[in-house]
Amino acid sequence: MAAIAQSGLHRIEYRQNNKHGGLVGLGTAIATVCAALPHALSELETADGQRLVALTSIDPTRQKRLQITDPAVAPPKYWPGRDSTAKS
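This structure is a prediction, so every number in the text was calculated from the model and none was measured.

What counts and how
Residues numbered from 1 in each chain as written. Predicted model: local features only at pLDDT ≥ 70, side-chain atom pairs only at ≥ 80, totals over all residues. Heavy atoms only, no water. Patch = residues over 30% accessible without salt bridge, like charges linked within 9 Å, V, L, I, M, F, W, Y side chains within 5 Å. Areas by Shrake-Rupley, 256 points an atom, 1.4 Å probe, with all protein chains shown as cover. Salt bridge = Lys/Arg side-chain N within 4 Å of Asp/Glu carboxyl O. Helix = DSSP H or I, 4+ residues; strand = E, 2+ residues; numbered from the N terminus. Polar contact = N/O pair within 3.5 Å; in protein donor to acceptor, adjacent residues only side chain to side chain. Contact = heavy atoms within 4.5 Å. Expected span 1.5 Å × (residues − 1). Buried < 20%, exposed > 50% of the residue type's maximum accessible area, 1.4 Å probe, protein only.

Enquirer: Would you explain a nonpolar patch on the surface in this entry?
Expert: A grouping of Ile12, Val33, Leu37 and Leu41 is seen on the molecular surface, where their side chains present a nonpolar patch of about 270 Å² in accessible area. Per-element accounting of the nonpolar patch gives the leading share, three residues, to helix α2 (residues 22-45). Relative to the helices and strands, Ile12 is located in strand β1 (residues 11-13).

This is the structure we're talking about:
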């Protein structure tokens, strides 16, 4: 840290949540960096001095990341044959 402080360079960090390892952890890390980096770089372009940026992890829980629909039970309005399925 002393070298970074002395250099005057910006520092961007992401601390991975150890609760989510494997593929979930990797996906969370990639998604966090992809979502936050453009905003961080935009802020750093106009910074008048050294900045320390900590990226905030996205929520990796299933409820926040995806929705699963069974089209045989509840077809979405764009689903082919929805009207005939809904009447059955």
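Moving on from the model shown.
Enquirer: Help me out: how do you make sense of the side chain of Thr28 in this one?
Expert: With respect to the helices and strands, the residue Thr28 is situated in helix α2. Reaching out from Thr28, the side chain makes a polar contact with the backbone oxygen of Val24 at a distance of 2.8 Å. Sequence-distant contacts of Thr28, defined by excluding residues within four places in its chain, comprise Tyr14, Ser57, Ile58 and Pro60.

Enquirer: Whenever I open this one, α2 confuses me. Can you help?
Expert: Three or four residues apart is the spacing at which side chains of an α-helix point the same way, because the helix has 3.6 residues per turn. Taking 1.5 Å of rise per residue, the 24 residues of α2 would be expected to cover 34 Å, and the 34 Å separating its terminal C-alpha atoms lies within 8% of that figure. Among the residues of α2, those classed as buried are Gly25, Thr28, Ala29, Thr32, Ala36, Ala40 and Leu44. Elements in contact with the buried residues of α2: β1 and β2 (52-54).

Enquirer: Can you help me understand the pattern of salt bridges in this one?
Expert: Pairs may arise between side chains of opposite charge once their charged atoms sit close together. Tallied over the full model, the rule gives three salt bridges. Close ionic contact of Glu13 with Arg11 constitutes a salt bridge, the shortest N to O distance being 2.2 Å. A salt bridge links Arg15 to Glu13; the nearest nitrogen and oxygen atoms lie 3.1 Å apart. The exposure class assigned to Arg15 is exposed, which follows from its relative accessible area of 66%. Beyond isolated ion pairs, a larger network of salt bridges with shared partners links Arg11, Glu13 and Arg15.

So, to be careful, I would describe these as geometric facts and stop short of saying anything about function.
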